[in-house]
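In case you want the letters, here they are:
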Amino acid sequence: MPYLDLVYRVRKEFGVPTFAYQVSGEYSMLAAAAERGWMERERVMLESLLGFKRAGASGILTYFARDAAKVLRG
């Protein structure tokens, strides 16, 4: 998440599809917080992915992929 400004700048400067990778440490931090009841898993997952999208990412590689797909399918 701290490098979303770079995703934005690459997308804006080069105008090409730009993919982002949510590193395992960030995923683990969010998943652990959700397991402890500090955050709602679904909400924090979607919020983190939305941040990538808002920065301009065309695609996001994430450990949340299966869970996000289930939620987005409804």
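Above this text is the structure in question.
Rules and cut-offs
Residues numbered from 1 in each chain as written. Predicted model: local features only at pLDDT ≥ 70, side-chain atom pairs only at ≥ 80, totals over all residues. Heavy atoms only, no water. Helix = DSSP H or I, 4+ residues; strand = E, 2+ residues; numbered from the N terminus. Buried < 20%, exposed > 50% of the residue type's maximum accessible area, 1.4 Å probe, protein only. Contact = heavy atoms within 4.5 Å. Polar contact = N/O pair within 3.5 Å; in protein donor to acceptor, adjacent residues only side chain to side chain. Phe/Tyr/Trp six-rings, centres within 6.5 Å; stacked < 30°, edge-to-face > 60°.

1. Observations regarding the overall build of the chain
Each helix and strand counted, the chain has four helices and two strands in total. If you line up the chain on its principal axes, its C-alpha atoms span 40 × 25 × 15 Å. Residues counted as buried form 31% of the 74 residues belonging to the chain. Considering only residue pairs separated by 6 or more positions, the chain has 68% of its internal contacts joining residues 24 or more positions apart.

2. Focus on the side chain of T18
On the secondary structure map, T18 appears in the loop between α1 (4-14) and β1 (19-21). For T18, a relative accessible area of 8% translates into the label buried. In terms of polar contacts, T18 uses its side chain to reach the backbone carbonyl oxygen of V16, at 2.9 Å. Contact partners of T18, with chain neighbours within four places excluded, come to V7, V10, R11, G56, A57, S58 and G59.

3. A short note on the packing of aromatic side chains
In total, this model carries three aromatic pairs according to the counting rule given. Ring centres 5.4 Å apart and planes at 40° place the aromatic pair Y27 and Y63 in the tilted group. In this pair, Y27 is assigned in helix α2 (residues 24-35) and Y63 in the loop between β2 (59-61) and α4 (65-73), connecting sequence segments 36 residues apart. Given a relative accessible area of 44%, Y63 falls into the partly exposed group. Measuring from centroid to centroid gives 4.7 Å for Y27 and F64, while their planes differ by 65°, and the two rings are edge-to-face. Remark: F64 occurs in the loop between β2 and α4 and Y27 occurs in helix α2; sequence separation between them is 37 residues. In this structure F64 comes out as buried when scored by relative accessible area, which is 0%. An aromatic cluster is defined as three or more aromatic residues linked by ring pairs; in this entry it consists of Y21, Y27, Y63 and F64.

4. Re the side chain of T62
The topology assignment puts T62 in the loop between β2 and α4. A distance of 2.5 Å separates polar atoms of two side chains, one belonging to T62 and the other to Q22. Side-chain polar atoms of T62 contact the backbone nitrogen of F64, separated by 3.0 Å. Excluding its chain neighbours within four sequence positions, the residues that come into contact with T62 are Q22 and L49.

No statement about biological role is implied by the geometric values presented.
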